[in-house]
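So you can see what is in the structure, the chains are spelled out below.
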Amino acid sequence: MADTTIINSSPLGQHLDKIAESQQVSYLVFNKKKIQIAAKITMGRESDNDIVIDSKLASRHHCIIQKIRDAYFLKDEGSTNGTFLNGRRIPPDKYVKLNAGDKLTIGSSNLIMG
């Protein structure tokens, strides 16, 4: 009798297996520099942010990246011009899971998840 599991017997199992294999996010690349991600990172135009985006298209407190359990999530803080993940605007005040290789866009600034 062959070993049959949900992973090799159903599309849902195969999808869950791919999610489990996705690379963990541990840093951002911004202006050709690697920035290690802590439990929470704030981004925006104001100088009190962890990452300051020098652009009039960035809100003072634009978005955050926050660690929840073993994953990192992006949340727009109600910015005027929006936060984009892989070219798509994310909904304000909703957490979106980040994966390695994701491109985060704030105004004309791009950050790459690694």
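Note that this is a predicted model, so its numbers are computed, not measured.

(A) Expanded view of the overall build of the protein chain. A tally of helices and strands in the protein chain yields two helices and 11 strands. From first element to last, N terminus to C terminus, the protein chain shows the α and β order α-α-β-β-β-β-β-β-β-β-β-β-β. When the 114 residues of the protein chain are sorted by exposure, 34% land in the buried category. Residue pairs in contact within the protein chain that sit at least 24 positions apart in sequence constitute 33% of those at least 6 positions apart. If you sum the accessible surface of the protein chain, you get close to 7,500 Å²; carbon and sulfur atoms cover 50% of it.

(B) The arrangement of the pattern of salt bridges in detail. In total, this model carries one salt bridge according to the counting rule given. For Lys75, the salt bridge goes to Glu77, with nearest N and O atoms at 3.4 Å. Residue classification places Glu77 among the partly exposed positions, given a relative accessible area of 35%.

Conventions used here
- Throughout this description, residue numbers start from 1 for each chain and increase along the sequence as written.
- For this predicted model, a pLDDT threshold of at least 70 governs which residues receive local features, and a threshold of 80 or more governs which side-chain atom pairs are given and counted, while totals over whole chains, interfaces and linings are taken from all residues.
- Side-chain metrics in this entry use all non-hydrogen atoms of the structure; hydrogen atoms and water are not considered.
- Strands are runs of DSSP state E lasting at least 2 residues, helices are runs of H or I lasting at least 4, and numbering of each runs from the N terminus.
- Categorising residues by exposure relies on relative accessible area from a 1.4 Å probe, with only protein chains included: less than 20% of the type maximum marks a residue as buried, more than 50% marks it as exposed, and the intermediate range marks it as partly exposed.
- Should any heavy atoms of two residues lie within 4.5 Å, those residues are considered in contact.
- Note on areas: these come from Shrake-Rupley sampling with a 1.4 Å probe, and a residue is covered only by the protein chains present in the view.
- In the sections that follow, a salt bridge refers to a side-chain nitrogen of Lys or Arg positioned within 4 Å of a carboxyl oxygen of Asp or Glu.

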